[in-house]
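Summary of the model geometry
So you can see what is in the structure, the chains are spelled out below.
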Amino acid sequence: ESEFQAGLDRYKKVEGLECPDDKRPTIEQASAFLEVLRKKGSIYGDYAILVPHGDRALMRRHFTSRVMTSTGEFQTMEVYGPPTYRDWLECHCIFTSLTIMFDVVPGGPVRGYGELVGEMDARYPEAWGLIYQTDVRTRNEHARRVKARLAARHAKAIAKTPPEESDFDPER
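Residues numbered from 1 in each chain as written. Predicted model: local features only at pLDDT ≥ 70, side-chain atom pairs only at ≥ 80, totals over all residues. Heavy atoms only, no water.

Some thoughts on the side chain of Ser97
Going by this rule: Only DSSP runs of H or I covering at least 4 residues are called helices, and only runs of E covering at least 2 are called strands; the numbering of each starts at the N terminus. The contact rule is simple, with two residues in contact once any of their heavy atoms fall within 4.5 Å.
Structurally, the position occupied by Ser97 is in helix α3 (residues 85-101). Apart from residues no more than four positions distant in its own chain, Ser97 is found in contact with Tyr11, Cys19, Lys23 and Pro25.

Given below as structure tokens:
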């Protein structure tokens, strides 16, 4: 619980205000996020679980979507997660709070990613299922590869340049 409170304190320090109730993760959500971060080195959070007021909304959300199979064909199936962009954004706000609370990723890039997903939804509203599946893979798989690539690039740059000239933090 002290780690959770320290995270909330950090959020207030970074954002200049207390974490709003509708963006505030529960201690259970924060614990799960930290466990995945520590065990898998991943910032992935399941948006079927990272829901606003998580202590009230413990059921897993799902919706029906057309999903591309491994053969490239589309099949209709049930997908767990937020059924609309608006629902997704509420979950993304919880995720954003967690990344700020635990100093994993600055809020600006995470919010920018949320805006990008919103632009895709506005452009292709009938494709929410595919957009959401892409988001899940991005946060679960691609983010780790990007971090590893940037850390390697940073290590090469540090070998050539004094570390104080770099603002890249490989721990974030």
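Quick look at unusual backbone geometry
Convention followed: Relative accessible area decides the class of each residue, using a 1.4 Å probe on protein chains only: under 20% of the type maximum gives buried, over 50% gives exposed, and in between gives partly exposed.
The phi dihedral of His53 falls on the positive side, at around 55°, and the residue is not glycine. Relative to the elements of secondary structure, His53 occurs in the loop between α2 (27-40) and β1 (62-68). Although it is not a glycine, Asp103 adopts a positive phi angle of roughly 50°. Take Asp103: its relative accessible area is 30%, and that puts it in the partly exposed class.

A word on the packing of aromatic side chains
The condition that has to hold: Ring pairs are drawn from Phe, Tyr and Trp, using the six-membered ring of Trp, whenever the two centres fall within 6.5 Å, and their geometry is named by plane angle: stacked under 30 degrees, edge-to-face over 60, tilted for the rest.
Taken as a whole, this structure holds seven aromatic pairs when the rule is applied. A ring pair is formed by Tyr47 and Trp88, whose centres lie 5.7 Å apart and whose planes are at 50°; its orientation type is tilted. With Tyr47 in the loop between α2 and β1 and Trp88 in helix α3, the pair connects residues that are 41 residues apart, well separated along the chain. Of the residues examined, Trp88 reaches a relative accessible area of 0% and is grouped as buried.

Worth remembering: the numbers are spatial, not functional.
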